[in-house]
Amino acid sequence: MEKNIAVIRGDGIGPEIVNEAIKVLDKIAEMYGHTFHYTDVYMGGCAIDRFGDPLPESELKKCAESDSVLLGAVGGNQWNDMPGHLRPEKGLLRLRAGLGLYSNNRPAKIWPQLAEASPLKQSIVDKGIDFIIVRELIGGIYFGEHKTEIIDGENTAIDMLTYNEKEIERIGRIGFETAQKRNKKLCSVEKSNVLDSSRLWKKVMHRLAEEYPDVTLTDMLVDNCAMQIVRNPAQFDVIVTENMFGDILSDEASMITGSIGMIPSSSLGAGSCGLYEPIHGSAPDIAGQNLANPIGTILSAAMMLRYSFDMPKEADAIEQAVSAYLSAGYRTADIMSEGMQQVGCKECGDYIVACLCQKEETA
Ligand code: NAD
């Protein structure tokens, strides 16, 4: 297969971690007979320096014309005092809106080799934690009307929470389709005992379930879900939920896995073009020192293969190579522990490529 990938290296550690992900993608292309074409896109602080704009139209167009976008991270102290429209993060918001990305998907996975990094009890971690939260990204209370006015003589704040059937259906489909590519279990999370928007949410999910008979749908109230994520996270495969619930639950879920440098994410819209990026920022404190952990970006590339390019074998190969690298005892500084061998960002990428080569030789 031939695919065009827009590559946003960004700022801080962005260029270093993206370089390692590209090394891994190039090895996958060689192993499986694919061709990946990369187009460099400037976004964030580097785009402000180059064009005076965190994401000029011409750069956004390159992303829209690609099959998918791989992003490192943007931002840094030198752009902190810029006016709002000239902040690096504005580029990211413009990119999400420009590509119509309404779904954010964040895996929560504990690698057995890093189980000690989890704040959860060993007995809970041992059951295995590997699920994805599919969060609606551009609707709900964050995008409703916000106002504060005097009502009955009291200063009163109002935030509107609205969802229509179409908005629920399109994120619901991403939930079902994600479950189809995994263990076919979808948990729809809402607050239908209190909220009308949640009752509509539940109704739409059950209507959609008839179109996806291979997926088992369950419902869970959000307060119970927050408890279950720490009590028995092994029960989950895919969780689908609205914007605010997803915001809170996905942070809770990333916390139980222990290391920010390991977690990938994807944002998807109507087409197959997605945005793939690690969940962390540009880590200016360690930029340019070969200290960053590139695994969150490498696993984001694996998600791109699985969810945008329909290449499950290739995605599995990357995930298995990351696992083999961890089992061999290599660690970047952020996840270093006693008895392990510390490596830099570049060596981490090299070792993961070497693990792919070993797989190729034994195949
Ligand atoms: P951060 O995630 O960049 O860093 C938090 C801490 O985690 C730092 O100590 C950093 O060294 C460490 N860390 C992060 N990623 C790491 C990795 N891959 N390997 C090893 N250690 C890692 O968060 P921050 O310091 O709050 O933000 C720094 C900049 O990044 C800010 O300008 C912020 O606006 C921006 N930011 C960008 C994104 C994005 O591009 N999507 C997301 C969050 C923050």
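Structure's up top.
To keep things clear, this report deals only with the structure shown in the data block. (Residues numbered from 1 in each chain as written. Predicted model: local features only at pLDDT ≥ 70, side-chain atom pairs only at ≥ 80, totals over all residues. Heavy atoms only, no water.)

Remarks on empty space enclosed by the protein
For the structure shown, the criterion picks out 2 cavities of 30 Å³ or more. The space that makes up the largest cavity amounts to roughly 60 Å³. Lining of the largest cavity is provided by Lys 109, Ile 110, Trp 111, Leu 114, Ala 117, Thr 257, Ser 259, Met 262 and Ile 263. Estimated volume of the second largest cavity: approximately 40 Å³. The wall of the second largest cavity is formed by Tyr 163, Glu 190, Ser 197, Ser 198, Trp 201 and Glu 242. With 3 residues, the top contributor of residues to the lining of the second largest cavity is helix α7 (residues 196–209). (1 Å grid on protein atoms, 1.4 Å probe; cavity = no way out; pocket = protein on both sides within 12 Å on 5 of 7 lines; lining within 4 Å. Points joined across faces, edges and corners; volume = space filled by probe spheres on them. Helix = DSSP H or I, 4+ residues; strand = E, 2+ residues; numbered from the N terminus.)

Overview of the pattern of salt bridges
Tallied over the full model, the rule gives 25 salt bridges. One salt bridge connects Lys 61 with Glu 65, and the closest N-O pair in it is separated by 3.1 Å. Each member of the pair, Lys 61 together with Glu 65, is exposed. One salt bridge connects Arg 135 with Asp 247, and the closest N-O pair in it is separated by 3.8 Å. With Arg 135 in strand β5 (residues 130–136) and Asp 247 in helix α9 (residues 243–257), this pair connects stretches of sequence that are 112 residues apart. Under the relative-accessibility criterion, Arg 135 is labelled buried at 13%. (Salt bridge = Lys/Arg side-chain N within 4 Å of Asp/Glu carboxyl O. Buried < 20%, exposed > 50% of the residue type's maximum accessible area, 1.4 Å probe, protein only.)

Quick word on the nonpolar core
Phe 36, Leu 70, Phe 176, Leu 305, Tyr 325 and Ile 352 are the most contacted members of the largest nonpolar core, which totals 63 residues. For this core, the leading source of residues is helix α10 (residues 295–308), giving 9 residues. Setting aside anything within four residues of it in sequence, one finds Tyr 325 in contact with Ile 295, Tyr 330, Arg 331, Thr 332, Val 343, Cys 348, Tyr 351, Ile 352 and Cys 355. Grouped together as the second largest cluster of nonpolar side chains are 21 residues, Leu 120, Met 220, Ile 239 and Phe 245 included. (Core = buried A, V, L, I, M, F, W, Y, C linked by side-chain atoms within 4.5 Å. Contact = heavy atoms within 4.5 Å.)

Quick word on the layout of surface pockets
Unoccupied space between atoms shows up once a probe the size of one water molecule is rolled over them. Taken as a whole, the largest pocket encloses approximately 580 Å³ of empty space. Along its surface, the largest pocket is lined by 27 residues, and Leu 92, Leu 93, Arg 96, Leu 137 and Glu 277 are the ones closest to its centre. Looking at the lining of the largest pocket, the elements with two or more residues in it are β3 (68–73), α4 (88–98), β4 (103–109), α9 and β12 (274–278). With 5 residues, α4 is the single largest residue contributor to the lining of the largest pocket. Residues belonging to the lining of the largest pocket are distributed by class as follows: 13 nonpolar, 7 polar and 7 charged. Put simply, the second largest pocket is a space of about 340 Å³. Tallying contributions element by element places α10 first for the lining of the second largest pocket, with 4 residues. Taken together, the residues of the lining of the second largest pocket sort by class into 10 nonpolar, 1 polar and 6 charged. (Nonpolar A, V, L, I, M, F, W, Y, C, P; charged D, E, K, R; others polar.)

A closer look at the site of the ligand
Not every one of the 20 residues close to the ligand is listed here, only the nearest: Val 74, Glu 89, Gly 281, Ala 283 and Asn 293. Interatomic distance of 2.9 Å between a backbone N/O atom of Val 74 and an oxygen atom of the ligand. A distance of 2.6 Å is found between an oxygen atom of the ligand and a side-chain nitrogen or oxygen belonging to Glu 89. Surface burial for the ligand is 67%, taken as the share of its 810 Å² of free accessible area covered by protein chains. For the shell around the ligand, the per-class residue count stands at 9 nonpolar, 7 polar and 4 charged. (Near = heavy atom within 4 Å. Polar contact = N/O pair within 3.5 Å; in protein donor to acceptor, adjacent residues only side chain to side chain. Areas by Shrake-Rupley, 256 points an atom, 1.4 Å probe, with all protein chains shown as cover.)

Digging into the packing of helix α8 (residues 222–231) against α9
To describe two helices that pack against each other, one gives the angle between their axes and the distance between the axes. Across the interface, α8 lies against α9 with an axial gap of 10 Å and an inter-helix angle of 10°. Put simply, α8 runs roughly parallel to α9. Counted together, Val 222, Cys 225, Ala 226, Ile 229 and Val 230 of α8 and Phe 245, Leu 249, Glu 252, Ala 253 and Ile 256 of α9 form the full contact between these two elements. Of the residues assigned to the contact of α8 with α9, the class counts are 9 nonpolar, no polar and 1 charged. (Axes fitted to C-alpha atoms, helices over the stretch in contact; angles between N-to-C directions. Parallel < 35°, antiparallel > 145°, perpendicular 65-115°, else oblique.)

Details of α7
Between its first and last C-alpha, α7 extends 20 Å over 14 residues, near the 20 Å set by a 1.5 Å rise per residue. Of all the residues in α7, the buried ones are Ser 197, Ser 198, Trp 201, Val 204, Met 205, Leu 208 and Ala 209. All buried residues of α7 fall inside an arc of 140° around its axis, so they share one side. Residues Asp 196 and Lys 203 are exposed on α7 and point more than 90 degrees away from its buried face. Elements in contact with the buried residues of α7: α6 (165–180), β8 (185–190), β9 (216–221), β10 (238–241) and α9. (Expected span 1.5 Å × (residues − 1). Arc of directions from axis to C-beta.)

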